[in-house]
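Working through the structure, step by step
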Amino acid sequence: MSNPKHTLFWMSFFLAVVAVVGVLVHKPLATAFMANWVFNLLIVGVLIVGIGLTYRQVFVLFPELRWIAQFRTGHSGLSVLEEPRLLKPLARQLGEDSKRDRFTLSTMSLRTVLDGIHSRMDEQREITRYFINLLVFLGLLGTFWGLLGTINAVGEVITNLDMGQGDFGKVFADLQTGLLTPLQGMGTAFSSSLLGLGGSLILGFLDIQAGHAQNRFYDGLEEWLTGVTNLLDPFTSNERQS
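So, how was this worked out
- Throughout, a residue's number is its position along its own chain's written sequence, starting from 1.
- Only residues with pLDDT of at least 70 get local features here, since the model is predicted, and only at 80 or more are side-chain atom pairs given and counted; chain-wide, interface and lining totals rely on the full set of residues.
- Excluded from the side-chain calculations are hydrogens and water; all other atoms, namely the structure's heavy atoms, are used.
- Method remark: on a 1 Å grid restricted to protein atoms, a set of points is classed as a cavity if a 1.4 Å probe fits but cannot get out and as a pocket if it is open with protein on both sides within 12 Å along at least five of seven lines; lining residues have an atom within 4 Å of a point.
- Grid points are joined across faces, edges and corners, and a volume is the space filled by probe spheres set on the points.
- Secondary structure elements follow DSSP: runs of H or I of four or more residues count as helices, runs of E of two or more count as strands, with numbering from the N terminus.
- Residues are grouped as follows: Ala, Val, Leu, Ile, Met, Phe, Trp, Tyr, Cys and Pro are nonpolar; Asp, Glu, Lys and Arg are charged; all remaining types, including Gly, are polar.
- A fitted line through C-alpha atoms serves as each axis, taken over the contacting stretch for helices, and the angle formed by two N-to-C directions is quoted from 0 to 180°.
- Here the word oblique covers every angle except those under 35 degrees (roughly parallel), over 145 (roughly antiparallel) and from 65 to 115 (roughly perpendicular).
- A clockwise turn of the near helix away from the far one marks a right-handed crossing, whereas an anticlockwise turn of less than a right angle marks a left-handed crossing.
- Contact definition: two residues touch when any of their heavy atoms are within 4.5 Å.
- UniProt positions are given in the numbering used here, feature names are shortened, and annotations may be inferred rather than shown by experiment.
- Helix span, as expected, comes to 1.5 Å for every residue beyond the first.
- Residue burial is assigned from relative accessible area. The probe radius is 1.4 Å, only protein chains are included, and a residue is buried under 20% of its type maximum, exposed over 50%, and partly exposed in between.
- Every patch collects residues that have over 30% relative accessible area and no salt bridge, joining them within 9 Å if they carry like charges and within 5 Å if they are nonpolar side chains (Val, Leu, Ile, Met, Phe, Trp, Tyr).
- Note on areas: Shrake-Rupley with a 1.4 Å probe; residue coverage comes only from the protein chains shown.
- A carboxyl oxygen of Asp or Glu within 4 Å of a side-chain nitrogen of Lys or Arg is what we treat as a salt bridge.
- The predictor rates its confidence in each residue with pLDDT, a number between 0 and 100.
- For Phe, Tyr and Trp, where Trp contributes only its six-membered ring, two rings pair if their centres lie within 6.5 Å, and the inter-plane angle classes them as stacked under 30 degrees, edge-to-face over 60, or tilted in between.

If you check an unreviewed UniProt entry, the protein appears there as Flagellar motor protein MotA from Marinobacter xiaoshiensis.

Right, dumping it as structure tokens:
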């Protein structure tokens, strides 16, 4: 089976590249972040939690691999290990046969075990996918929030303009001063969109890498089980018994 350490390397390398790019453009990023630091801080917090979840999807594979390695040795120390989480359907299906080098399962039982393991991995990825969509939603929400403030501010500026006075220089100065608030609202809108969409891209790449690690683990598990399991046809076995 493939080692998930390679996936962790590429995930960490990608985050390092993103960090370097962030350092190179830290001044405009800091300006965009401070446009609405409360909302943007929420987006960054969601991104950090999502990154932790993607790493967790890879780290949970290591105990499963240790359990398989102990199982393949045939040592009795298997019972001392902590019960696996992803491979719990397999561990319960084997029971006492887990101390043997080869075991017997029907085709239906093997497919049931593999489907159960696959569904457990899908459940883990659903949370990460939710966080990816949440980042996009928060970015769009910040956009509409900033645009709403911009529209209201522009309306107030137009309403407060006094075009009846003859000093157009003062009217222009008032218009210039009044447009500062709408421009701040635009900063809120676009900074939230930038962080939300950028965070979803980062988390999406990490989720793809974690998904590849889980798929390689599942494919290796399926190939291994198919190779070491004595598959029985239930109809054939019943005919032999009769």
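Read on, since the account is not over.
1. Re the layout of surface pockets
There is about 460 Å³ of room inside the largest pocket. Along the wall of the largest pocket there are 17 residues; nearest its centre are Val 18, Gly 22, Leu 29, Leu 47 and Ile 202. When contributions to the lining of the largest pocket are tallied by element, the ones reaching two or more residues are helix H1 (5–24), helix H3 (37–59) and helix H8 (180–228). Among the residues making up the lining of the largest pocket, the classes are represented as 14 nonpolar, 3 polar and no charged.

2. Here we look at the packing of H1 against H3
The geometry of H1 relative to H3 is characterised by a closest axis approach of 10 Å and an angle of 165° between their N-to-C directions. Compared by their axis directions, H1 and H3 come out roughly antiparallel. Pair H1 / H3 crosses with left-handed handedness. Listed contacts from H3 to Thr 7, Leu 8, Met 11, Ser 12 and Leu 15 of H1 are Ile 51, Thr 54, Tyr 55, Val 58 and Phe 59. Taken together, the residues of the contact of H1 with H3 break down into 7 nonpolar, 3 polar and no charged.

3. Side note on the UniProt feature "transmembrane region" (unreviewed entry) in the protein
With numbering matched to this structure, UniProt assigns "transmembrane region" (unreviewed entry) to residues 7–25, 37–62, 130–154 and 189–208. The annotated region residues 7–25 carries 95% helix and 0% strand content, and the separation between its end C-alpha atoms amounts to 27 Å. What you have in residues 37–62 is 96% helix and 0% strand, and the ends, taken at the C-alpha atoms, are 38 Å apart.

4. Focus on H3
The first and last C-alpha atoms of H3 sit 32 Å apart over 23 residues, in line with the 33 Å expected at 1.5 Å per residue. Listing the buried residues of H3 in full gives Phe 39, Asn 40, Ile 43, Val 46, Leu 47, Gly 50, Ile 51, Thr 54, Tyr 55, Gln 57 and Val 58.

5. A short note on a nonpolar patch on the surface
Together, Phe 9, Trp 10, Phe 13, Val 17, Val 20, Val 21, Leu 24, Val 25, Leu 29 and Leu 194 make up an exposed nonpolar region whose accessible area comes to about 950 Å². A total of 7 residues in the nonpolar patch trace back to one element, the largest contributor, which is H1. Position of Leu 24 among the secondary structure elements: in helix H1.

6. Some words on the confidence of the model for the protein
Summary statistics for the protein give a mean pLDDT of 76 and a share of 65% for residues scoring 70 or more. Low pLDDT (under 50) marks residues 76–80, which in the prediction has 5 contacts with non-local residues, meaning those over four places away or in another chain. Low pLDDT, under 50, characterises residues 234–242; the predicted model gives this stretch 0 contacts beyond four residues in sequence or across chains.

7. Thoughts on the packing of aromatic side chains
Inspection of every chain in the model, using the stated rule, returns 7 aromatic pairs. Pairing Phe 14 with Phe 205 gives two aromatic rings, centres 4.1 Å apart and planes at 35°, and the pair type is tilted. Here the residue Phe 14 occupies a position in helix H1, and Phe 205 occupies one in helix H8, the gap between them amounting to 191 residues. Here the aromatic residues Phe 9, Trp 10 and Phe 13 are joined through ring pairs into a cluster of three or more.

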